[in-house]
Amino acid sequence: MSDENGTPNIPAGSRDTPGARDAQGTPAGRPAVSPGPRPEPLRFFGTTWVDHDGGYTARRVAVAVGALAATAASCLVLRFAYQGLAIADIGSFVTLLVVVMFTICSALAFRHTWDGFAKRPDPDRQASLRGLLAIGFVGSLLAYFFRALTEAPGEKLHREEYEAALKLHEKRTSRRTGNPSRKRRRT
């Protein structure tokens with residue numbers, strides 16, 4: 001929402017630029033009243049998740065297929081790395097450690113990515129887990145694939161925040177009826 005994250009209060013795809021303003025200082029051709037909160041765009045989806053329009057279903061399919069293809073390619077790369085360890089003949093203990101490390105990091109990355117679709121991650125924790133997420137990239141890709149099968153990844157979180165912002169905006173902008181100075185006094 002533009003009020004919360006500091007993004008410009010210009011709708012996505014609008015040709016209005018911050019410099020295009022009329023004589024009253026409002027965007028050209030727009031009323032001076034604030035139109036309300038704007039939905040936050042999602043990666044690969046923009047704001048199509050709001051009304052499920054603009055090729056939303058095709059984008060979800062493309063994201064799911066792309067994540068699955070990236071996962072398959074990543075597993076192929078990991079297979080080559082495993083074969084390189086086998087050719088180097090460094091020992092079964094080190095090979096086992098590498099396999100266990102990638103497995104555990106992938107499981108943790110899956111869980112962290114999956115939880116990130118339901119609630120905003122803590123930035124400090126996110127920074128401290130950056131290395132683990134990089135090692136467990138296969139888990140993150142799988143989480144993205146599975147979430148794209150049901151919705152745009154992060155759509156539920158963004159929808160809850162957007163609807164809450166709309167309710168708050170509606171509450172703030174609703175008008176009172178009557179003149180408050182003429183209010184009857186209880187005696």
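For the structure itself, look to the data block above.
Everything numeric here is computed off the predicted structure, so don't read it as measured data.

Draft legend 1. Representation of the packing of helix 2 (residues 56-88) against helix 3 (residues 92-116) in the model. Between helix 2 and helix 3, the least distance of the axes is 10 Å, while the angle of their chain directions is 165°. By the criterion of interaxial angle, the relationship of helix 2 to helix 3 is roughly antiparallel. For the element pair helix 2 and helix 3, the recorded crossing hand is right-handed. Where helix 2 abuts helix 3, its residues L78, Y82 and L85 lie against T95, V98, V99 and F102.

Draft legend 2. A look at the nonpolar core. Core analysis: the largest hydrophobic core is formed by 15 residues, its most contacted members being L42, F45, W49, Y56, V63, Y144 and A152. If you list the elements that add at least two residues to this core, you get helix 2 and helix 6 (137-148). Excluding anything up to four places from it in sequence, Y56 contacts F45, T48, W49, E151, A152 and E155.

Draft legend 3. Examining helix 6 more closely. Between its first and last C-alpha, helix 6 extends 17 Å over twelve residues, near the 16 Å set by a 1.5 Å rise per residue. Listing the buried residues of helix 6 in full gives V138, G139, S140, A143, Y144, F145, R147 and A148. On the buried face of helix 6, the contacting elements are helix 2, helix 3 and helix 5 (130-135).

Draft legend 4. Structural detail: helix 3. Given a rise of 1.5 Å per residue, 25 residues ought to cover 36 Å, and the 36 Å separating the end C-alpha atoms of helix 3 matches this to within 8%. Those residues of helix 3 not exposed but buried are T95, C105, S106, A109, H112 and T113. For helix 3, the secondary structure elements touched by its buried residues are helix 2, helix 4 (123-128), helix 5 and helix 6.

Draft legend 5. Structural detail: the environment of R120. Tracing the chain through its elements places R120 in the loop between helix 3 and helix 4. For R120, a relative accessible area of 43% corresponds to the partly exposed category. In this structure R120 touches E40, L157, H158 and E161, once residues within four positions along its chain are discounted. A polar side-chain atom of R120 sits 2.9 Å from a polar atom in the side chain of E40. Here the side chain of R120 touches E161 through a polar contact of 2.8 Å, side chain to side chain.

Analysis parameters
- Residues numbered from 1 in each chain as written.
- Predicted model: local features only at pLDDT ≥ 70, side-chain atom pairs only at ≥ 80, totals over all residues.
- Heavy atoms only, no water.
- Axes fitted to C-alpha atoms, helices over the stretch in contact; angles between N-to-C directions.
- Helix = DSSP H or I, 4+ residues; strand = E, 2+ residues; numbered from the N terminus.
- Parallel < 35°, antiparallel > 145°, perpendicular 65-115°, else oblique.
- Left-handed = near helix turned anticlockwise from the far one by under 90°.
- Contact = heavy atoms within 4.5 Å.
- Core = buried A, V, L, I, M, F, W, Y, C linked by side-chain atoms within 4.5 Å.
- Buried < 20%, exposed > 50% of the residue type's maximum accessible area, 1.4 Å probe, protein only.
- Expected span 1.5 Å × (residues − 1).
- Polar contact = N/O pair within 3.5 Å; in protein donor to acceptor, adjacent residues only side chain to side chain.

These figures come from the coordinates and say nothing about function on their own.
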